[in-house]
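Inside the fold
Each chain, written out:
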Amino acid sequence: MSPARMLTMSPTHMPTMSPTPNLSFAPPTPKPSFAQGARLQKIVYAFPPTETPRLVHGLCVTNLASVFVESSLLPQLTYEANPIVEDMKAWKDRNYINEGVKGGPCEGGTFLQPSFHKSIPMGTDIEVNLERLEENDAMTVCAFVSDIRDGNWPSLLVKDGFTNYQQTTGLHWTFNGTPHIYVLLCKDM
């Protein structure tokens, strides 16, 4: 036999000295597994248009793979996604800081830092386009608003299934040493 001919022969035709092992298979899992980093689901949430002349807010999301936030009424309103940590800058256009993250629903999540502190007019729509990783079962979206410049979101978001943590989490923004407590509203998506 020539060496070339040996390469074309199938190994299954060759006799073996060892017995074929007994193969047993585990039952199929109810949830398919994907390669790490695979995407499961895109979620779009449109916050209700604001109902107050100004809006002082922030957003956070847990179990986030990617995000894009937009407003058709106010295209200059942008958001920067960063891990949420203590003493981080609350808005791009101010030097105020967020505090009281530890132990609350936003801990370990992603902070979506608004470009504006309060220059968000009545009727502004905000839509978040989220993507979560397959292996993460729950994604929580939280909005935190301050004082009377809350867009009426505490009322509107509760009607849409958000939990109102009110001012119980300790999350607040600080300016010149004075804390301003947020009302925190969260929903599992």
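Residues numbered from 1 in each chain as written. Predicted model: local features only at pLDDT ≥ 70, side-chain atom pairs only at ≥ 80, totals over all residues. Heavy atoms only, no water.

Right, let's talk about the side chain of Ser146 for a bit. Relative to the helices and strands, Ser146 resides in strand S9 (residues 140–150). A distance of 3.4 Å separates the side chain of Ser146 from the side chain of Asp147, its partner in a polar contact. Other than its neighbours up to four places away in sequence, Ser146 contacts Val56, Trp173, His180, Ile181 and Tyr182. (Helix = DSSP H or I, 4+ residues; strand = E, 2+ residues; numbered from the N terminus. Polar contact = N/O pair within 3.5 Å; in protein donor to acceptor, adjacent residues only side chain to side chain. Contact = heavy atoms within 4.5 Å.)

With that out of the way, let us pick up unusual backbone geometry. The general pattern is negative phi for most residues beyond glycine and trans for most peptide bonds. A positive phi is found at Asp87, a non-glycine position, where the angle reads about 60°. Looking at the element boundaries, Asp87 is found in the loop between strand S4 (79–83) and strand S5 (88–89). For Asp87, a relative accessible area of 49% puts it in the partly exposed group. (Buried < 20%, exposed > 50% of the residue type's maximum accessible area, 1.4 Å probe, protein only.)

Moving on, we get to the environment of Ile181. Note that Ile181 resides in strand S12 (residues 178–188). Considered as a pair, Ile181 and Thr168 are 13 residues apart in the sequence and their alpha carbons are 9.2 Å apart.

Let us now look at the packing of aromatic side chains. Tallied over the entire structure, the rule returns 10 aromatic pairs. Here Trp91 and Trp173 contribute two aromatic rings whose centre-to-centre distance is 5.2 Å and whose plane-to-plane angle is 85°, an arrangement assigned as edge-to-face. Residue Trp91 is located in the loop between S5 and strand S6 (97–99), and its partner Trp173 is located in strand S11 (residues 172–175); the two are separated by 82 residues in the primary sequence. Neither residue differs from the other here; Trp91 and Trp173 are each classed as buried. Seen from their ring centres, Phe144 and Tyr182 are 4.7 Å apart, and the 65° between their planes marks the pair as edge-to-face. Here Tyr182 lies in strand S12 and Phe144 lies in strand S9, a separation of 38 residues in the sequence. According to the relative accessible area criterion, Phe144 is buried, its value standing at 0%. Following the ring pairs from residue to residue traces out a cluster consisting of Tyr45, Phe47, Trp153 and Phe162. (Phe/Tyr/Trp six-rings, centres within 6.5 Å; stacked < 30°, edge-to-face > 60°.)

That's the geometry; what it means functionally is another story.
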